[in-house]
Amino acid sequence: MPRPPVARDKLLAAFEQIVLDDGERAATLDAVAAAAGVSKGGLLYHFPHRQALVDATLQRLEELMRQDLEGMAAAPDGAARYFLVTSLFEDSRLDRALIVASRLVQAGDENARAALKRLEEAWYELILADVGDPVVATAVQQMGDGLYHNASIGLLPDDSAQRHTILEHLLAAVDRLSPRP
């Protein structure tokens with residue numbers, strides 16, 4: 001009889017949390033099993049080796065990416081504005097998955113690098129379709145990436161109004177740069 005998927009989800013969540021809190025190297029099979037409250041045998045039932053945990057984490061990232069890209073493509077204010085608005089780190093499931101993938105890339109994981117590259121390219125294509133100019137699309141993407149980086153490491157003001165003002169300035173810049181009517 002198959003084990004309930006709850007254990008699998010707990011293991012993935014534990015792996016993610018360890019990578020976020022202590023780094024990629026700390027996410028050993030023993031540490032993940034202990035953090036999830038699952039026996040090592042239970043972990044091995046779902047993930048026969050550490051790379052299987054990494055692969056499942058990246059599959060989860062791919063699903064979150066797909067959802068984000070769908071939201072971006074359907075955004076009423078356009079992909080460029082959506083990209084900037086969602087570049088304020090909010091500790092969402094996608095934010096957490098992106099940080100985990102970034103840490104995996106730093107540890108040399110080429111699958112994580114490829115996943116992040118696909119996402120960057122897909123974001124760019126949607127922004128380009130929205131603004132119609134590759135230079136503007138690149139500028140928007142770099143603004144969003146910088147905003148995200150600063151937000152994720154705590155360099156933006158804690159005050160919500162100040163953060164909103166920064167975002168409004170960037171959105172106004174996009175409106176000035178964008179050749180669309």
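Everything numeric here is computed off the predicted structure, so don't read it as measured data. (Residues numbered from 1 in each chain as written. Predicted model: local features only at pLDDT ≥ 70, side-chain atom pairs only at ≥ 80, totals over all residues. Heavy atoms only, no water.)

Enquirer: Got a sec to walk through unusual backbone geometry? Specific residues and values, please.
Expert: A positive phi angle, close to 60 degrees, is found at Asp91, a residue other than glycine. Mapped onto the elements of the fold, Asp91 is located in the loop between α5 (79-85) and α6 (93-106). By relative accessible area, Asp91 is classed as partly exposed at 43%. (Helix = DSSP H or I, 4+ residues; strand = E, 2+ residues; numbered from the N terminus. Buried < 20%, exposed > 50% of the residue type's maximum accessible area, 1.4 Å probe, protein only.)

Enquirer: I'd love a proper account of helix α4 (residues 50-73), names of residues and values included.
Expert: For the α-helix, the turn length of 3.6 residues means that residues three or four positions removed from each other point alike. Taking 1.5 Å of rise per residue, 24 residues should cover 34 Å, and α4 covers 35 Å from first to last C-alpha, within 8% of that figure. Listed as buried for α4 are Ala52, Leu53, Val54, Ala56, Thr57, Leu58, Leu61, Leu64, Met65, Asp68, Leu69 and Met72. (Expected span 1.5 Å × (residues − 1).)

Enquirer: Run through the packing of aromatic side chains, naming residues and quoting values.
Expert: One pass over the structure, following the stated rule, counts 2 aromatic pairs. For the ring pair Phe83 and Trp123, a centre distance of 5.2 Å and an interplane angle of 65 degrees mean the geometry is edge-to-face. Highlighted residues: Phe83 in helix α5 and Trp123 in helix α7 (residues 110-131), separated in sequence by 40 residues. A relative accessible area of 3% places Phe83 in the buried class. (Phe/Tyr/Trp six-rings, centres within 6.5 Å; stacked < 30°, edge-to-face > 60°.)

Enquirer: Outline the nonpolar core, supporting the account with residue identities and numerical values.
Expert: Among the nonpolar cores identified, the biggest contains 59 residues, and Val32 and Leu61 are the most heavily contacted of them. Counting residues per element, the ones that place at least two in this core are α1 (5-22), α2 (29-36), α4, α5, α6, α7, α8 (134-152) and α9 (160-177). Not counting the four nearest positions on each side in its chain, Leu61 is found in contact with Leu94, Ala97, Leu98, Ala101, Ala115 and Leu116. (Core = buried A, V, L, I, M, F, W, Y, C linked by side-chain atoms within 4.5 Å. Contact = heavy atoms within 4.5 Å.)

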